[in-house]
Amino acid sequence: MSDCIFCKLASGEIPTNKVYEDDTVLAFHDMDPQAPTHILVIPKAHIASASEIDESNSTVIAHIFEVIAKIAAENGFENDFRVVNNCGARAGQTVHHLHFHLMSGREFTWPAG
Ligand code: 5GP
Ligand code: ZN
């Protein structure tokens, strides 16, 4: 997707503050953090939202959760984090490239928002 900001971060066309990277997944700090730790974890391949996950592209989703666990463990918050996905405008999705918010460092209320 040539006009997708997260595709440009994933390809390296636009530099970002990387936390983790491998062939299929990139994690980087959110530019407008909502918690002391606020990392975005994305598939490098463009998937517009969680509603577009299917059997053809879901392998990376399992890997994303492995990466989330690894980042949490390496940063000492393995039992103290929230993962959020916003799907669709009404749920708060503003960037239409699938991403998981990995947040830690404060208390979170429930239900969210
Ligand atoms: P959404 O609202 O779609 O669930 O989350 C999008 C998130 O991406 C927001 O938290 C926003 O701050 C973050 N974001 C948007 N554009 C950029 C960017 O260019 N760089 C970084 N690091 N974060 C971004
Ligand atoms: Zn994209």
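Located above this text is the structure these notes cover.
Residues numbered from 1 in each chain as written. Chains lettered and ligands numbered in written order. Predicted model: local features only at pLDDT ≥ 70, side-chain atom pairs only at ≥ 80, totals over all residues. Heavy atoms only, no water.

Caption draft 1: Structural view of unusual backbone geometry. Look at the link from W110 to P111: it is a cis peptide, with omega at 0°. For P111, the position within the fold is in the segment after strand 5 (100-104). (Helix = DSSP H or I, 4+ residues; strand = E, 2+ residues; numbered from the N terminus.)

Caption draft 2: Molecular detail of the coordination of the zinc ion (ligand 2). Ligation of the zinc ion (ligand 2) by protein atoms is provided by C4 (SG), C7 (SG), H46 (ND1) and H97 (ND1), these donors lying 2.1 to 2.3 Å from the ion. The site at the zinc ion (ligand 2) holds four donor atoms, and with the angles between them running 106 to 116°, its shape is tetrahedral. The motif formed by the donor residues of the zinc ion (ligand 2), counted along the single chain, is C-x2-C-x38-H-x50-H. With a gap of 39 residues between them, C7 in helix 1 (residues 5-11) and H46 in the loop between strand 3 (37-43) and helix 2 (59-74) connect regions that are remote in the sequence. (Donors = N, O, S within 2.8 Å, 3.2 Å for Na, K, Ca; no water. Tetrahedral: all angles 85-135°; square planar, octahedral: opposite > 155°, others 65-115°.)

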